[in-house]
Amino acid sequence: MYTLLSGLYKYMFQKDEYCVLILGLDNAGKTTFLEQTKTKFSKNYKGMNLSKITSTVGLNIGTIDVGKARLMFWDLGGQDELQSLWDKVSSR
Ligand SMILES: Nc1nc2c(ncn2[C@@H]2O[C@H](COP(=O)(O)OP(=O)(O)OP(=O)(O)O)[C@@H](O)[C@H]2O)c(=O)[nH]1
Ligand SMILES: [Mg+2]
């Protein structure tokens, strides 16, 4: 019975989670893309002023829900010195 109920609960409420890596050279527009996507798909998210976006040091993580899927975007900084991180993150 427990298995049946927990299965039903999962079916109805649990979302499939996907990780999406956004990679590209610096100034390609990755963070701008992520901000625009969050603004479009998250109801309560107002979005930051796009002109205030500065070059990413490290990474930004943004989560949006689309239907039954939850997308977790990883926006990695594209500067030369940060590209060594790409390997480490993508191998996880
Ligand atoms: N014309 C134009 N400019 C854009 C577009 N997308 C982003 N930009 C501009 O490009 C510049 C860099 O954008 P970012 O989103 O910070 O680029 P990034 O890829 O995150 O850069 P890093 O964080 O350094 O890796 C900003 O001045 C943006 O306003 C676009 O679609 N068209
Ligand atoms: Mg960025």
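Predicted model only: the values in this text are computed from it and were never measured.

Conventions adopted
Residues numbered from 1 in each chain as written. Chains lettered and ligands numbered in written order. Predicted model: local features only at pLDDT ≥ 70, side-chain atom pairs only at ≥ 80, totals over all residues. Heavy atoms only, no water. Helix = DSSP H or I, 4+ residues; strand = E, 2+ residues; numbered from the N terminus. Buried < 20%, exposed > 50% of the residue type's maximum accessible area, 1.4 Å probe, protein only. Contact = heavy atoms within 4.5 Å. Expected span 1.5 Å × (residues − 1). Near = heavy atom within 4 Å. Polar contact = N/O pair within 3.5 Å; in protein donor to acceptor, adjacent residues only side chain to side chain. Areas by Shrake-Rupley, 256 points an atom, 1.4 Å probe, with all protein chains shown as cover. Nonpolar A, V, L, I, M, F, W, Y, C, P; charged D, E, K, R; others polar. Salt bridge = Lys/Arg side-chain N within 4 Å of Asp/Glu carboxyl O. Pairing = 2+ DSSP bridges. Donors = N, O, S within 2.8 Å, 3.2 Å for Na, K, Ca; no water. UniProt positions renumbered as here; feature names shortened; annotations may be inferred.

I'd like to hear about the environment of Met72, residue by residue, with values.
Relative to the assigned elements, Met72 resides in strand E3 (residues 69-76). Overall, Met72 belongs to the partly exposed group, its relative accessible area being 24%. Those residues within four positions of Met72 in sequence are excluded, and the remaining contacts are Tyr18, Cys19, Val20, Ile61, Gly62 and Thr63.

Lay out helix H1 (residues 2-13) with the relevant residues and their values.
Between its first and last C-alpha, H1 extends 16 Å over twelve residues, near the 16 Å set by a 1.5 Å rise per residue. By the criterion of burial, H1 is predominantly exposed, with just one of the twelve residues buried.

Explain the site of ligand 1 to me, using residue names and the numbers behind them.
As a matter of local geometry, ligand 1 sits amid 13 residues, with Lys30, Thr31, Thr32, Ser55 and Gly78 nearest to it. One of the side-chain nitrogen or oxygen atoms of Ser55 is found 2.6 Å away from an oxygen atom of ligand 1. For ligand 1, whose free accessible area comes to 660 Å², the fraction covered by protein is 58%. Along the lines of polarity and charge, the residues of the shell around ligand 1 split into three nonpolar, eight polar and two charged.

Outline the pattern of salt bridges, supporting the account with residue identities and numerical values.
Applying the stated rule across the entire model yields two salt bridges. The shortest N-O distance in the salt bridge between Lys38 and Glu35 comes to 3.5 Å. With Lys38 and Glu35 both in helix H2 (residues 30-41) and three residues apart, this pair spans about one turn of that helix. In this structure, Lys38 and Glu35 share a single accessibility class: buried. The salt bridge involving Asp65 is made with Arg70; its shortest N-O contact spans 2.8 Å. You can call Asp65 partly exposed: its relative accessible area is 35%.

Any details on the pairing of strand E2 (residues 59-66)? Residues and values, ideally.
Inspection of the sheet shows E2 paired to E3 by eight bridges, in the antiparallel sense. Paired with Asn60 across the strands is Asp75, a residue of E3. Taken together, E2 and the strand that follows it, E3, pair antiparallel across an intervening segment of two residues, in which Gly67 is found at a positive phi of about 55°.

Got a sec to walk through the coordination of the magnesium ion (ligand 2)? Specific residues and values, please.
Ligation of the magnesium ion (ligand 2) by protein atoms is provided by Thr31 (OG1) and Thr56 (OG1), these donors lying 1.9 to 2.1 Å from the ion. Taken together, the residues Thr31 in helix H2 and Thr56 in the loop between H2 and E2 connect sequence positions 25 residues apart. For the pair Thr31 and Thr56, one class covers both residues: buried.

I'd like a rundown of the UniProt feature "binding site: GTP" (unreviewed entry) in the protein, residues and numbers included.
Sites flagged by UniProt as "binding site: GTP" (unreviewed entry) map to Gly24, Leu25, Asp26, Asn27, Ala28, Gly29, Lys30, Thr31 and Gly78. For this annotated set, covering 55 residues, all C-alpha atoms fall within 11.5 Å of each other, a compact arrangement in space. For Leu25, the position within the fold is in the loop between strand E1 (16-22) and H2. If we skip the residues at most four places from it in the chain, Leu25 touches Lys30, Gly78 and Gln83. Checked against the element boundaries, Gly78 lands in the loop between E3 and helix H3 (84-90). Note on Gly78: relative accessible area 4%, which makes it buried.

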